[in-house]
Amino acid sequence: MRLLLWLLTLFATAIGLAVATRFNTGNVVFFYPPYRVDLSLNFFIALILAGFIVLYVFIRAVRVAQRLPGRVLAYRRGKRQDESNQALRDALKALFEGRFGQAEKAATRAAQWPGNAGLAALIAARAAHRMRQPERRDIWLASTDGDEALHTARLMTTLEMQVDAHQTQDALQVVDQLNASGTRHLQALQWALKAHQQANNWAEVLRLVQALDKRKALHPALSRRLTEMGYDYLLADRSHDAESLRRLWASVPNVDRLQPHIAARAAEAFNARGLHDDARALLEKALAAQLDVRLLRSYRDAAAPTGTPALLGQIERCEDWIARRANDPELQLTLGMLCLRQKLWGKAQRHLEQALADALEPRTVREAHLSLAQLYDALEQPEKSAEHYRRCAIATAIR
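Residues numbered from 1 in each chain as written. Predicted model: local features only at pLDDT ≥ 70, side-chain atom pairs only at ≥ 80, totals over all residues. Heavy atoms only, no water.

Engineer: Please provide a residue-by-residue account of helix α19 (residues 362-378), values included.
Structural biologist: Helix length check: α19 (17 residues) gives 24 Å between terminal C-alpha atoms against 24 Å at 1.5 Å per residue, within 8%. Where α19 is concerned, the buried positions are T364, R366, E367, A368, H369, S371, L372, A373, L375 and Y376. Contacts from the buried residues of α19 go to α15 (293-301), α17 (329-341), α18 (345-358) and α20 (382-397). (Helix = DSSP H or I, 4+ residues; strand = E, 2+ residues; numbered from the N terminus. Expected span 1.5 Å × (residues − 1). Buried < 20%, exposed > 50% of the residue type's maximum accessible area, 1.4 Å probe, protein only. Contact = heavy atoms within 4.5 Å.)

Engineer: Would you mind going over the layout of surface pockets in detail, with residue names and values included?
Structural biologist: Here the largest pocket defines a volume of roughly 390 Å³. Elements with a minimum of two residues in the lining of the largest pocket: α9 (202-214), α10 (220-235) and α12 (254-257). Per element, the largest residue contribution to the lining of the largest pocket is six residues, and it comes from α10. For the lining of the largest pocket, a count of residues per class yields eight nonpolar, four polar and six charged. (1 Å grid on protein atoms, 1.4 Å probe; cavity = no way out; pocket = protein on both sides within 12 Å on 5 of 7 lines; lining within 4 Å. Points joined across faces, edges and corners; volume = space filled by probe spheres on them. Nonpolar A, V, L, I, M, F, W, Y, C, P; charged D, E, K, R; others polar.)

Engineer: Describe the side chain of T334, listing the residues and the values that go with them.
Structural biologist: Its location among the elements puts T334 in helix α17. Setting aside its immediate chain neighbours within four residues, T334 contacts L296, Y299, R300 and C318.

Engineer: How would you sum up the packing of aromatic side chains? Please name residues and give values.
Structural biologist: In total, this model carries two aromatic pairs according to the counting rule given. Pairing W202 with Y233 gives two aromatic rings, centres 6.4 Å apart and planes at 40°, and the pair type is tilted. Highlighted residues: W202 in helix α9 and Y233 in helix α10, separated in sequence by 31 residues. Across from the ring centre of W191, 4.4 Å away, lies the NZ or CZ of K194, which sits over that ring. (Phe/Tyr/Trp six-rings, centres within 6.5 Å; stacked < 30°, edge-to-face > 60°. Lys NZ or Arg CZ within 6 Å of the ring centre and 35° of its normal.)

Engineer: Give me the lowdown on the pairing of strand β1 (residues 27-32), citing residues and values where you can.
Structural biologist: Where β1 lies against strand β2 (residues 35-40), six bridges are found, and the strand directions are antiparallel. For F31, the partnering residue across the bridge sits in β2 and is R36. Turn length for the β1-β2 hairpin, with the two strands adjacent in sequence and antiparallel, is two residues. (Pairing = 2+ DSSP bridges.)

Engineer: Help me get a handle on the pattern of salt bridges, residues and values and all.
Structural biologist: In a structure, side chains of opposite charge can pair up when their charged atoms sit close to one another. By the definition in use, this model includes 24 salt bridges. Among the ionic pairs, E284 bridges to R317, the shortest N-O distance being 3.3 Å. Of this pair, E284 sits in helix α14 (residues 276-289) while R317 sits in helix α16 (residues 309-324); the two residues are 33 residues apart in sequence, bridging distant segments of the chain. Since its relative accessible area comes to 35%, R317 is described here as partly exposed. A salt bridge links R294 to D292, with the nearest nitrogen and oxygen atoms 2.9 Å apart. With relative accessibility at 12%, the residue D292 sits in the buried group. Because the salt bridges share partners, they merge into one network encompassing R297, R300, E330, E361, R363 and E367. (Salt bridge = Lys/Arg side-chain N within 4 Å of Asp/Glu carboxyl O.)

Shown next as structure tokens:
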């Protein structure tokens, strides 16, 4: 349909020109003495149009010839860029497929185009790292040093690979560079956490865990375990004196102070330095939230001296707890041992025997027998004392 319209237009134009030139009787005369040239007006117009067309074609040809070298260069440049882009895609594909040798080769080809050189170097560095080629990995990483656009990407890649290779000190230096550049996104914090964990910088690990917990970036189980490990290390530090230990415990968040594992470790640290009052205070707060076995064992170790109001207060608290959990062997054992310390022989015997009857764990059985043996020693009943010592030894042997 479109072709038909074009043909009709062409024919109409030709007819119009033929009619117009038929009635055009004008002429053009050129004088150049002694010559005279007569031309019809129609022919003169045709010559002008033909000359214009020839001149236009000539000028276009000259301009095309002038641009030809640039077009050839642009074509070659575009071809190189397309080949580099394809090689970069091939490198990424091979890296994700686990074909690290092919990935590095493709990245080498991609790096021939300056615009892709930085990303290709990072891909090649990852591939070399996966192939356990640290020398080639470092060469690739060094090639991106001058690229400011890839500064953070290079640092993150370097940090990940150094943590994976357990190059702890180098990884911590990269963490410092990331912090100096203001990088605080989740992935950076997670790799920094792993680096500090490898370096046993547990104070920093705890800070990073808290930061990641606020963003819900850690699994609760992993967060809890890292928190426990961090406080285990800090509380087990023998360089702490009484004041530094108190300052450390004061810096612990309230929610962590109520965790049984952490509270028990803290009580052990306070007990080891003779700070039984501090140990009892923190354990009683934690036990008010949860009657955990670990807390009860530490609570027994933090028992106050005989005849003191503090010991009587411990006994009263245990009696209150037993009213809620009468069949808990650890709680019965704790109350029995506290009563034994206070020389409440009858109450101590009753609770210790109840703990022995309900106990399933070998440690609880062993401690109950040992406490009963000490009780009968105090009551001057050597036969019963010897029997419980014997059973305690058997429980220890089969532990």
